[in-house]
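Architecture at a glance
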Amino acid sequence: VCVSLPTLDAALSHRLEPTVAPPRQRLRAVARLAAAGIRVGVAIAPVLPRLTDDQATLDAVTRAAADAGAAFAWAGALNLGDVTRDAFFGFLDAQHPELVPLYREMYRARYAPQRYAELIGARVDDAHRKARFAPPPHIEPAPPPQLPLW
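In what follows, the accompanying structure is described. (Residues numbered from 1 in each chain as written. Predicted model: local features only at pLDDT ≥ 70, side-chain atom pairs only at ≥ 80, totals over all residues. Heavy atoms only, no water.)

This part takes up the environment of His96. Tracing the backbone shows His96 in the loop between helix 4 (82-95) and helix 5 (100-106). Residue His96 is classed as buried on the basis of its relative accessible area of 12%. On a C-alpha basis, the gap between His96 and Asp53 in space is 15 Å, while along the polypeptide they are 43 residues apart. Beyond its immediate sequence surroundings of up to four residues, His96 is in contact with Arg15, Leu51 and Phe91. (Helix = DSSP H or I, 4+ residues; strand = E, 2+ residues; numbered from the N terminus. Buried < 20%, exposed > 50% of the residue type's maximum accessible area, 1.4 Å probe, protein only. Contact = heavy atoms within 4.5 Å.)

Here's what the structure looks like:
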């Protein structure tokens with residue numbers, strides 16, 4: 001199971017995804033799944049240039065995931081398909097117009113430039129070195145029911 005958690009900033013999270021659970025609630029879900037013995041991870045995605053891609057933010061999300069009991073975390077840079085491109089640029093125009101030129105330059109195609117993806121990978125690797133991920137506890141399955149002999 002993987003839970004998306006692009007940021008711990010509740011206000012930014014609400015602006016990005018107004019209809020989804022806030023970060024604290026997502027972390028509670030991670031903790032409950034892990035406590036139940038389910039291997040759960042966190043998807044730090046999408047990583048957004050100049051909004052959620054700094055080292056401190058990636059460190060904080062990674063640490064929170066590990067502290068909640070996640071067994072792993074991975075990150076992925078924003079990708080903009082045909083449908084999401086229009087909606088996302090509408091969000092940027094309304095909320096962060098100063099970032100529109102940067103995003104238009106970076107996202108001429110669907111995916112972020114390879115160099116940017118590698119930078120995010122290096123930052124997340126650094127964040128992993130600072131966090132402690134643990135596998136979920138092993139839960140013994142219930143014994144099978146005894147079948148009648150007659």
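Turning our eyes to something else, we now look at the packing of aromatic side chains. Applying the stated rule across the entire model yields three aromatic pairs. Each ring, one from Phe88 and one from Phe91, has its centre 5.6 Å from the other, and the planes form 40°; the classification is tilted. You can see Phe88 and its partner Phe91 sitting in helix 4, three residues apart, about one turn around the helix. In this structure, Phe88 and Phe91 share a single accessibility class: buried. Taking 5.9 Å as the distance between ring centres and 15° as the angle between the ring planes, the aromatic pair formed by Tyr103 and Tyr107 counts as stacked. Looking at Tyr103, the relative accessible area reads 0%, which means it is buried. Here Arg104 stacks its cationic end above the ring of Phe89, 4.1 Å away from the centre of that ring. (Phe/Tyr/Trp six-rings, centres within 6.5 Å; stacked < 30°, edge-to-face > 60°. Lys NZ or Arg CZ within 6 Å of the ring centre and 35° of its normal.)

Taking 1.5 Å of rise per residue, the 17 residues of helix 6 (residues 114-130) would be expected to cover 24 Å, and the 25 Å separating its terminal C-alpha atoms lies within 8% of that figure. Among the residues of helix 6, those classed as buried are Tyr116, Ile120, Val124 and Ala127. Looking straight down helix 6, one finds its buried side chains confined to an arc of 70°; they lie on one side. For helix 6, exposure combined with an orientation more than 90 degrees from the buried face picks out Gln114, Arg115 and Arg129. (Expected span 1.5 Å × (residues − 1). Arc of directions from axis to C-beta.)

Structurally, Thr7 can be placed in the loop between strand 1 (2-4) and helix 1 (10-16). Under the relative-accessibility criterion, Thr7 is labelled buried at 4%. Within the structure, Thr7 has its side chain in polar contact with the backbone nitrogen of Asp9 (distance 3.0 Å). Among all residues touching Thr7, those that are not within four sequence positions of it are Leu12, Ser13, Pro23, Thr52 and Val61. (Polar contact = N/O pair within 3.5 Å; in protein donor to acceptor, adjacent residues only side chain to side chain.)

Looking now at the pairing of strand 3 (residues 72-77). Pairing between strand 2 (residues 41-47) and strand 3: five bridges, direction parallel. Along strand 3, the bridge assignment pairs Val42 with Ala73. Viewed along the sheet, the connection from strand 2 through helix 3 (residues 55-67) into strand 3 turns out right-handed. (Pairing = 2+ DSSP bridges. Right-handed = clockwise from strand over helix to strand, strands pointing away.)

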